[in-house]
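As a plain string of letters, each chain reads:
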Amino acid sequence: MSSRTETTAPPAKSNLVAGLGLFSATAIVVGSMIGSGIFIVPAEIGRDVGSPALLIGAWLVTAIMTIIGALSYGELAAMMPGAGGQYIYLREALGRIWGFLFGWTLFLVIQTGTIAAVAVAFGKFLGVFFPSVSSTHWIWHIAHVPAWHVGPMVLGNMDIGLSTANLAGIAVILLLAVINLFGIRLGALVQNVFTTAKTAALLGLVVIGLFLGSNAAAIRANFHANFWSGAGWHTMHPLQIGVGGPIAMVGILTILAVVQTGSLFSADAWNNVTYTAGEVRNPKRNLPLSLTLGTVLVLGLYILANFVYLLALPLHGDPHGAGIAARGIQYASDDRVATAALQQIFSRTGAYLMAGAILVSTFGCANGLTLAGARVYYAMSRDGLFFKVAGKLHPRWHTPVAALVVQALWTCLLCISGSYSQLLDYIICTELIFYILTIFSIFVLRVKRPNAERPYRAIGYPVLPAVYILMAAWICVVLLRYKPQYTWPGLVIVLLGIPVFAVWSRKAVSESATGLAPAPAELSGGSAENG
């Protein structure tokens, strides 16, 4: 096969505006990653692992996987710099159905579920200033889903309805959808401002914590001989199967895999910048560079933040403890570990400052996710695999208006579907599967298109991409076994996309035959000119 046929076809022209430079692209990476997780999930991880060393270990596993993933994605992003990102990579490497199944799951679970989880977390931290805003303060309690025992699994056992925290989240979702209707430059401006603010807040937490936050009691409890307590290879850890299920005793590799639902979620969405590739200037350079710079910066801050928590608060605590130190990291009030850490240092004033900074962080995170996600549905629509209206741009603002609106409405519904922790479990397993498939696509395309232009090649290929695939596969297996209440339903949603693909695909072929739409094979996802 000649090099001409092996080279990836340039994306079709569209009216998307290439308004994102390196700073804005990196801001999308950083801003989409730093949300609420780093300030909340260390409590849940601490309860599960029961060891300071394993708390840090969980974040090291996340850092290794995320940075390898970013280094690998850089090759695909530079090779195919079109709007839609991961959807395009899967479509080109594995076929249209795999691209569709990713986009289908992104819409129903991954992107919208992440936005919902971050928005609900916004409501949690708003509760610091307004105690009436809480996930337990119900405005409309629809129903309690009873527990359903399926062998060793327990499904259900959750409440559905509208709380004041969910309502606050819904308000944020609708506001950001409106903001992003008015052009990529406005959305990027909001992203740059909030990313700068949130990065400064996280850096401030790290600096203040390292220099002013040391607590003698916490250091005695968490470091020296106690640091490695419970971290031995032969130590067994209790783990509840499902929700309200039996307790199983598991080893270190299993417990570290289970807690990735929190830490991987906190470092997730780093790939969102690839969805906006059609609006990035000089994408062959700026996409791989922004992915690397953003992930390294964020994961470094995340690991340092967890050391700050261990310096300020003992890991172990009492859920009924009277004070902050007594509750520890494990049982910080409403899991707000960062707020508790600063409150330990600066009393109530510090808690308000941290809560305010986290509100900025979650708002900026939700903005980045909102901006990026709609571009995937736009690319799918141009391939005839999503609602036709989602493939149209606003005549003045050149934004996918319908895609933004549909995304916002579905996300609002997800806000009332479960708690923050439940949404985490729901998202991670399905997303990991698509990460595995996307990184596997590098191997496929190296064979199918060996002479295609690759401005950047994945560092450490083939070893590092293979390491990622093995690590992610192990986590998926463990989650399917021990977190069945949301992982299995997520996989069912992926499979339900197969008949939907068949319907939409036939419709696209029919429209192309009648001249109402371009043939699916001619569509590329609609990237803009790259300047």
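This section reports on the structure supplied with the text. Residue positions are given per chain, counting from 1 as you read along its sequence in written order. In view of the model being predicted, local features appear only for residues whose pLDDT reaches at least 70, and side-chain atom pairs are presented and counted only at 80 or more, with totals across whole chains, interfaces and linings using the full set of residues. Here the side-chain values reflect all heavy atoms present in the structure, with hydrogen atoms and water set aside.

1. So, the overall build of the protein
- What counts as a helix is a DSSP run of H or I of at least four residues, what counts as a strand is a run of E of at least two, and both are numbered from the N terminus. The number of helices and strands found in the protein is 19 helices and four strands.
- In the protein, which comprises 531 residues, the share counted as buried stands at 61%.
- The accessible surface values rely on the Shrake-Rupley method and a 1.4 Å probe; as for residues, cover is taken only from the protein chains in view. Put simply, the protein shows about 19,600 Å² of open surface, and 69% of that area lies on carbon and sulfur atoms. Partly exposed describes any residue whose relative accessible area lies between the buried limit of under 20% and the exposed limit of over 50%, with all areas from a 1.4 Å probe on protein chains only and scaled to the type maximum.

2. Structural notes on the nonpolar core
- Residues Phe 39, Leu 205, Tyr 302, Tyr 309 and Leu 432 are the most contacted members of the largest nonpolar core, which totals 168 residues.
- The element best represented in this core is helix α15 (residues 337–382), accounting for 21 residues.
- We call two residues in contact whenever any of their non-hydrogen atoms come within 4.5 Å of each other. Residues within four places of Leu 205 in sequence aside, it is in contact with Phe 39, Val 308, Tyr 309, Ala 338, Leu 342 and Met 354. Here the nonpolar core consists of buried residues drawn from Ala, Val, Leu, Ile, Met, Phe, Trp, Tyr and Cys, with membership extended through side-chain atoms lying within 4.5 Å.

3. Things to note about the packing of aromatic side chains
- For this analysis, a ring pair means two rings from Phe, Tyr or Trp (six-membered ring only for Trp) whose centres lie within 6.5 Å, classed as stacked if their planes differ by under 30 degrees, edge-to-face if by over 60, and tilted for the remaining angles. One pass over the full model with this rule turns up 24 aromatic pairs.
- With a centroid separation of 6.5 Å and an interplanar angle of 85°, the aromatic rings of Tyr 435 and Tyr 468 are classed as edge-to-face. Taken together, the positions of Tyr 435 in helix α17 (residues 420–448) and Tyr 468 in helix α18 (residues 463–482) put the pair 33 residues apart, joining distant regions of the chain.
- In this arrangement the basic side chain of Arg 446 is found over the ring face of Tyr 461, its NZ or CZ atom lying 3.9 Å from the centre.
- A ring is considered to have a charge above it if a Lys NZ or an Arg CZ atom is located within 6 Å of its centre and within 35 degrees of its normal. The side chain of Arg 481 reaches across the aromatic face of Tyr 482, ending 5.1 Å from its centre.

4. Things to note about the pairing of strand β4 (residues 247–250)
- Every second residue of β4 is oriented toward a common face, the buried set being Ala 248 and Val 250 and the non-buried set Ile 247 and Met 249.
- Pairing between two strands requires that DSSP report at least two bridges joining them. Across four bridges, strand β3 (residues 237–240) lies against β4 in antiparallel orientation. Following the sheet pairing, Pro 238 is matched in β4 by Met 249.

5. Examining the side chain of Gln 191
- For Gln 191, the location among the structural elements is in helix α8 (residues 184–212).
- Of the residues examined, Gln 191 reaches a relative accessible area of 1% and is grouped as buried.
- A polar side-chain atom of Gln 191 sits 2.8 Å from a polar atom in the side chain of Asn 367.
- If we skip the residues at most four places from it in the chain, Gln 191 touches Ala 27, Ile 28, Gly 31, Ser 32, Gly 364, Asn 367 and Gly 368. Definition of a polar contact: a pair of N or O atoms within 3.5 Å, with one able to donate and the other able to accept a hydrogen when the atoms are protein atoms, and with sequence-neighbouring residues admitted only if both atoms are side-chain atoms.

6. Regarding helix α6 (residues 96–129)
- A helix is expected to reach a length of 1.5 Å times the quantity of its residues less one. Counted at 1.5 Å a residue, the expected span for α6 with its 34 residues is 50 Å, and the 48 Å between its end C-alpha atoms agrees.
- To obtain the bend at a residue, axes are fitted to the seven residues ending there and to the seven starting there, and the angle between these axes is taken. At Leu 106, α6 shows its largest kink, close to 60°.
- Counting buried positions along α6 yields 30 of 34 residues, so the element is predominantly enclosed.

7. Some words on helix α7 (residues 164–179)
- End to end, α7 covers 23 Å across 16 residues, agreeing with the expected 22 Å (1.5 Å per residue, within 8%).
- All of the buried residues along α7 are Thr 164, Ala 165, Asn 166, Ala 168, Gly 169, Ile 170, Val 172, Ile 173, Leu 176, Ala 177 and Ile 179.

8. Regarding the environment of Tyr 89
- Turning to its location among the elements, Tyr 89 is positioned in helix α5 (residues 86–94).
- A relative accessible area of 0% places Tyr 89 in the buried class.
- Taking C-alpha positions, Tyr 89 is 7.5 Å from Gly 99, a pair spaced ten residues apart along the chain.
- Beyond its immediate chain neighbours, meaning those up to four positions away, Tyr 89 contacts Tyr 73, Leu 76, Ala 77, Met 80, Thr 274, Thr 438 and Ser 441.

9. Side note on a nonpolar patch on the surface
- Taken together, the side chains of Leu 203, Val 207, Leu 210, Phe 211, Leu 212, Leu 304 and Phe 346 present a nonpolar region at the surface, about 660 Å² in accessible area.
- You can see Phe 346 is positioned in helix α15.
- On the accessibility criterion, Phe 346 (37% relative accessible area) is partly exposed. Distance thresholds for patches are 9 Å for like charges and 5 Å for nonpolar side chains (Val, Leu, Ile, Met, Phe, Trp, Tyr), applied to residues having over 30% relative accessible area and no salt bridge. For this document, the term salt bridge refers to a Lys or Arg side-chain nitrogen within 4 Å of an Asp or Glu carboxyl oxygen.

10. Topic: the pattern of salt bridges
- Here the structure, examined in full by the defined rule, presents eight salt bridges.
- In this structure, the salt-bridge partner of Asp 335 is Arg 47, at a minimum N-O distance of 3.0 Å. Here Asp 335, found in the loop between α14 (324–327) and α15, pairs with Arg 47, found in helix α3 (residues 37–49); they are 288 residues apart in sequence, far enough to count as distant.
- Measuring nitrogen to oxygen at the nearest pair gives 2.9 Å for the salt bridge that ties Glu 92 to Arg 449. Note that Glu 92 is positioned in helix α5 and Arg 449 in the loop between α17 and α18, a separation of 357 residues in sequence.
- Note on Arg 449: relative accessible area 15%, which makes it buried.
- By sharing partners, the salt bridges in this structure join Arg 91, Glu 92, Asp 383 and Arg 449 into a single network.

11. With respect to empty space enclosed by the protein
- Any residue with an atom within 4 Å of a point lines the site, the site being either a cavity, points on a 1 Å grid over the protein atoms alone where a 1.4 Å probe fits but cannot get out, or a pocket, an open set with protein on both sides within 12 Å along at least 5 of 7 lines. Grid points are joined across faces, edges and corners, and a volume is the space filled by probe spheres set on the points. Taken as a whole, this structure holds four cavities of 30 Å³ or more when the rule is applied.
- One number sums up the size of the largest cavity: a volume of about 90 Å³.
- Looking at the largest cavity, the residues that line it are Thr 66, Leu 264, Ala 267, Asp 268, Trp 270, Ile 428, Glu 431, Leu 432, Tyr 435 and Tyr 468.
- In terms of residue count, α17 provides more of the lining of the largest cavity than any other element does, four residues in total.
- Residues are grouped as follows: Ala, Val, Leu, Ile, Met, Phe, Trp, Tyr, Cys and Pro are nonpolar; Asp, Glu, Lys and Arg are charged; every other residue, Gly included, is polar. Partitioning the lining of the largest cavity into residue classes produces seven nonpolar, one polar and two charged.
- Considering the residues around the second largest cavity, the lining is formed by Ser 32, Met 33, Gly 35, Ser 36, Gly 37, Thr 114, Val 118, Phe 265, Ser 266, Asp 268, Ala 269 and Cys 365.
- Here the lining of the second largest cavity is built from residues that sort into five nonpolar, six polar and one charged.

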